[in-house]
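These are the residues of each chain, in order.
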Amino acid sequence: MSLLITDECINCDVCEPECPNDAIYMGDEIYEIDGDKCTECKGHFDEPQCVEVCPVDCCLSDPNRVETEEELLAKIK
């Protein structure tokens, strides 16, 4: 499944440059993740980079976007 950023985001700017798919962008109030681009870093890293660098642990799995690893990898192409 792709990830999402909760409203606990403090806009620290560390996640956006770490995303290999350019899926993270500044929304109206907090950073957001484009689910059509998010692959949980599959094909790039072992762990999602936004999760690794987030100081407040606000990058979580999106329960509304359940995807298999194959579906996530297909987004890279």
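Chains are numbered independently. Their residues run from 1 in the order of the written sequence. Residue-level local features of this predicted model are given only where pLDDT is at least 70; pairs of side-chain atoms are given and counted only at 80 or more, and the full residue set underlies all totals for whole chains, interfaces and linings. Only hydrogens and water are set aside when side-chain values are computed; all heavy atoms of the structure are taken into account.

Before going further, it helps to spend a moment on unusual backbone geometry. Of note, Glu-40 is a non-glycine position whose phi angle comes to about 55°, a positive value. Per the convention used, a helix needs a DSSP run of H or I reaching at least four residues, while a strand needs a run of E reaching at least two, with both numbered from the N terminus. Note on placement: Glu-40 falls in the loop between β3 (31-33) and α1 (49-53). For each residue, the accessible area found with a 1.4 Å probe, counting protein chains only, is set against the maximum for its type, and the residue is called buried under 20%, exposed over 50%, and partly exposed in between. Here Glu-40 falls in the buried class, since its relative accessible area comes to 16%. One non-glycine residue, Asp-57, lies in the positive phi region at around 55°. Position of Asp-57 among the secondary structure elements: in the loop between α1 and β4 (59-61). A residue is classified by how much of its surface remains accessible, and Asp-57, at 58% relative accessible area, is exposed.

Before going further, it helps to examine the pattern of salt bridges. We count a salt bridge whenever a side-chain nitrogen from Lys or Arg sits within 4 Å of a carboxyl oxygen from Asp or Glu. Inspection of every chain in the model, using the stated rule, returns 3 salt bridges. For Arg-65, the salt bridge identified is with Asp-36, shortest N-O distance 2.8 Å. Of this pair, Arg-65 sits in the loop between β4 and α2 (69-74) while Asp-36 is found in the loop between β3 and α1, placing the two residues 29 residues apart along the sequence. By relative accessible area, which is 26% here, Arg-65 ends up partly exposed. Across the salt bridge formed by Arg-65 and Glu-67, the nearest N and O atoms sit 3.9 Å from each other.

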